[in-house]
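Below are the chains, spelled out letter by letter.
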Amino acid sequence: MQLTGQNYIAGVTSAEGAETFFSVNPRSKERDDLPYHNATAAEVDRAVEAAAAAFAEARNYSSTRIADFLDEIADQIEALGDDLLHSADRETGLGLPRLTGERARTTGQFRAFGAMLREGSYLRPIINSEAAGQPSIRQMQFPVGPVAIFAASNFPFAFAVAGGDTASALAAGCPAVVKAHPGHPATSEMFALAFKAAIAAQGFPAGAFSMLQGSGIDVGQWLVAHDGIEAVGFTGSLRGGRAIYDAAARRPRPIPVYAEMGSVNPVVITQAALAQRADEIADGLVASVTMGTGQFCTNPGLILLQDSPAAQHFIAAVSDKMSAAPAGVLLNETIARGLEGAVSQTIANPEINVLTGGEAIADSDYFCFSNTVMQTSASAIRADDRLQVEHFGPVTLFVVCEDADDLRATVDALEGNLTSTIHAEADELDDISDLLHQLREKAGRVIWNGFPTGVAVVHAMQHGGPYPATTAPGTTSVGMNAIYRFMRPIAFQNVPDALLPDALKDGNPLGIMRLVDDVYTDGAQ
Ligand code: NAP
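Residues numbered from 1 in each chain as written. Predicted model: local features only at pLDDT ≥ 70, side-chain atom pairs only at ≥ 80, totals over all residues. Heavy atoms only, no water.

What about the site of the ligand?
Neighbouring residues of the ligand: 25 residues in total, closest Ser-153, Lys-179, Ser-237, Met-261 and Cys-297. With respect to the ligand, the side chain of Lys-179 contributes an N or O atom lying 2.8 Å from an oxygen atom. Within the side chain of Glu-390, a nitrogen or oxygen atom sits 3.4 Å from a nitrogen atom of the ligand. Burial of the ligand by the protein chains amounts to 88% of its free accessible area of 860 Å². Elements that contribute at least two residues to the shell around the ligand include exactly β10 (231-235) and α8 (238-250). Sort the elements by how many residues they give to the shell around the ligand and α8 lands first, with three residues. (Near = heavy atom within 4 Å. Polar contact = N/O pair within 3.5 Å; in protein donor to acceptor, adjacent residues only side chain to side chain. Areas by Shrake-Rupley, 256 points an atom, 1.4 Å probe, with all protein chains shown as cover. Helix = DSSP H or I, 4+ residues; strand = E, 2+ residues; numbered from the N terminus.)

Structure, rendered in structure tokens:
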């Protein structure tokens with residue numbers, strides 16, 4: 001496939017910027033020859049203006065028309081064939097099996113939103129008819145307008161140019177301006193070609209999708225500051241997400257930023273669970289920490305247990321297994337340096353004991369870091385928030401608590417996370433109920449006897465959590481509810497039926513489920 005290294009602004013390639021960067025293979029540290037052009041401020045302007053024009057044209061498109069577009073995008077991604085897989089593998093080192101699964105998730109995501117749009121009740125129509133002394137009020141969800149999306153490095157498909165943020169924004173009816181991640185520019189350009197083809201095939205306005213390349217923070221900062229952008233979707237570091245959140249808040253007209261950032265995903269293991277299943281839990285934990293070289297926002301990075309000979313034996317077993325596992329490939333140099341920095345900062349705390357790893361592997365041909373297990377005390381974690389920092393790689397930290405009270409006090413001191421997990425036995429449900437609900441307060445998803453890596457794209461999924469896991473704990477970036485980040489409710493008061501959207505008309509011409517005078521019905525009013 002012939003790539004250009006250019007930006008795609010409303011379907012037109014553009015390379016006005018003098019600054020360029022290159023795609024790097026993390027397995028060999030070799031860079032490709034094709035220069036990718038950082039977008040300029042003028043190109044960012046054009047992309048946002050095209051998105052605004054597209055929104056003006058398409059804001060009243062029916063749900064079924066948008067659903068056809070989403071299905072077409074999935075088809076066009078599949079039409080890219082194995083070139084897409086090989087490109088992403090070359091740029092991320094994630095491996096073909098993982099990427100094949102991620103592609104299926106990505107196309108499945110578009111089709112799942114399509115199905116939801118065809119069913120129709122996602123519009124959440126609510127009707128309160130006129131009653132004595134009360135006006136008629138009718139509410140439903142509408143798209144917010146152009147959305148800026150920041151692609152993540154660690155999911156070149158599922159959280160990137162064609163990832164969940166883009167899928168949910170387009171499903172909502174919002175044009176998307178995507179800042180591609182510089183870790184996989186070739187793969188990003190392939191996706192831009194798929195979007196261009198889908199737009200042409202479905203007759204959508206060209207500005208419904210633009211993709212900007214950029215290495216460095218300027219492109220993202222221009223994009224967030226642009227008055228034509230109405231909301232932001234972001235996946236990446238706490239530092240990056242927070243900077244974008246602050247930039248959006250500084251605008252004369254602030255906008256919401258849905259940033260999904262760092263998480264250490266605490267796992268509590270009870271003594272009974274250790275007594276029953278220590279080997280099984282150790283195997284599962286090591287597989288989860290090393291999966292994708294630990295580069296998951298749901299990586300189990302903090303393991304809490306009560307001190308005992310069995311706990312010490314378990315920690316030693318996990319450490320041995322981590323030490324024996326081969327060091328995987330890290331995504332890029334920035335991730336490798338970031339991991340080294342985060343682990344060095346943690347190790348500098350005298351209360352941290354490194355059981356295995358803890359350092360970069362010298363003279364390696366590929367980007368990597370030693371599989372790392374550390375141990376500390378509950379009091380040390382409570383005394384220093386920096387020990388709750390995300391180590392984005394194959395790293396986990398055991399927190400050994402003196403007793404049940406020490407454990408509970410430590411869970412209380414945890415920051416917000418995407419997930420929390422508990423390993424326990426069926427005969428201790430009464431004893432651990434409070435603990436489970438304490439863990440609930442700290443995360444968006446609570447996992448029982450499992451591991452947090454792996455996030456299903458389904459209606460019930462919640463992939464979010466209290467800050468610093470996200471900047472908007474009431475929302476999710478995975479699953480069907482992700483669409484509501486890019487929609488807002490509007491109520492119509494006493495507006496004539498002929499002027500109402502179909503979803504709110506008396507006769508319910510769409511035949512969709514609505515809440516009418518406090519009763520769910522798919523009938524007419
Ligand atoms: P990142 O540094 O947060 O970057 C993500 C995107 O945001 C990139 O496009 C980046 O642009 C942009 N960006 C970063 N800071 C910005 C700022 N101040 N203003 C405007 N744009 C900004 O994430 P990353 O490159 O993927 O990885 C770095 C670290 O993020 C990792 O080591 C890891 O700790 C963490 N991470 C976390 C998750 C998660 O899901 N929790 C996922 C991936 C990474 P440029 O790259 O062009 O500068």
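Looking at the sheet that holds strand β20 (residues 514-516)
Strands sit in the order β19-β6-β5-β20-β21 across an open sheet of five strands; the sheet is mixed. Strands with a single pairing partner mark the edges of an open sheet, and in this sheet they are β19 (487-493) and β21 (519-521). Each adjacent strand pair in this sheet contributes to an overall mean axis angle of 25°, direction not counted. For strand β5 (residues 126-128) and β20, the ladder comprises two bridges, and the chain directions are parallel. Counterpart to Ile-127 in the pairing with β20 is Val-516. (Pairing = 2+ DSSP bridges. Axes fitted to C-alpha atoms, helices over the stretch in contact; angles between N-to-C directions.)

Concerning the pattern of salt bridges
Considering all chains together, one arrives at 21 salt bridges under this definition. Residue Arg-242 is joined to Asp-246 by a salt bridge in which the shortest nitrogen-to-oxygen separation is 3.0 Å. You can see Arg-242 and its partner Asp-246 sitting in helix α8, four residues apart, about one turn around the helix. Residue classification places Arg-242 among the partly exposed positions, given a relative accessible area of 34%. The partner of Arg-386 in a salt bridge is Asp-384, with the nearest N and O atoms 3.2 Å apart. On the accessibility criterion, Arg-386 (53% relative accessible area) is exposed. (Salt bridge = Lys/Arg side-chain N within 4 Å of Asp/Glu carboxyl O. Buried < 20%, exposed > 50% of the residue type's maximum accessible area, 1.4 Å probe, protein only.)

Some points on a negative patch on the surface
A contiguous patch of negative charge, built from Asp-307, Glu-402, Asp-403 and Asp-405, is present on the exposed surface. Position of Asp-307 relative to the elements: it lies in the loop between β13 (302-306) and α10 (309-324). (Patch = residues over 30% accessible without salt bridge, like charges linked within 9 Å, V, L, I, M, F, W, Y side chains within 5 Å. Lys, Arg positive; Asp, Glu negative; His and termini not counted. Charge placed at Lys NZ, Arg CZ, Asp CG, Glu CD.)

Here we look at the nonpolar core
Across soluble globular proteins, nonpolar side chains show a tendency to be buried alongside one another. If you look at the biggest cluster of nonpolar residues, it comprises 99 residues, and the most contacted ones within it are Leu-70, Ile-73, Phe-110, Phe-113, Phe-195 and Ile-483. Per-element tally for this core: the top contributor is helix α6 (residues 185-202), with eight residues. Inspection of this core shows a minimum of three residues originating in each of domain 1 (35-261 + 475-485) and domain 2 (266-448). Look past the residues within four positions of Phe-113 in its chain and what remains in contact with it is Leu-70, Ala-167, Ser-168, Ala-171, Gly-479, Met-480, Ala-482 and Ile-483. Ranked by size, the runner-up nonpolar core spans 23 residues in total, among them Val-219, Leu-223, Val-257 and Ala-259. (Core = buried A, V, L, I, M, F, W, Y, C linked by side-chain atoms within 4.5 Å. Domains from an automatic or database assignment. Contact = heavy atoms within 4.5 Å.)

Notes on the packing of helix α4 (residues 96-119) against helix α5 (residues 164-172)
Relative orientation of the contacting elements α4 and α5 amounts to 25°, with a least axis distance of 10 Å. If you check the angle between α4 and α5, you find them roughly parallel. With respect to the hand of their crossing, α4 and α5 are arranged in right-handed fashion. Together, Gln-109, Phe-110, Phe-113 and Leu-117 of α4 and Gly-164, Ala-167, Ser-168, Leu-170 and Ala-171 of α5 make up the contact between the two elements. (Parallel < 35°, antiparallel > 145°, perpendicular 65-115°, else oblique. Left-handed = near helix turned anticlockwise from the far one by under 90°.)

Focus on the sheet that holds strand β17 (residues 419-423)
Strand order across the open sheet formed by seven strands is β14-β15-β16-β13-β12-β17-β18, with mixed pairing between neighbours. Either end of the sheet is taken by a strand with one partner, and the two such strands are β14 (353-356) and β18 (445-448). This sheet shows a mean twist of 20° between the axes of neighbouring strands, independent of strand direction. The pairing of strand β12 (residues 266-269) with β13 spans three bridges and is classified as parallel. For Val-268, the partnering residue across the bridge sits in β13 and is Leu-304. Running at roughly 150° to β12, helix α9 (residues 271-290) makes contact with β12, β13, β16 (395-401) and β17 of the sheet.

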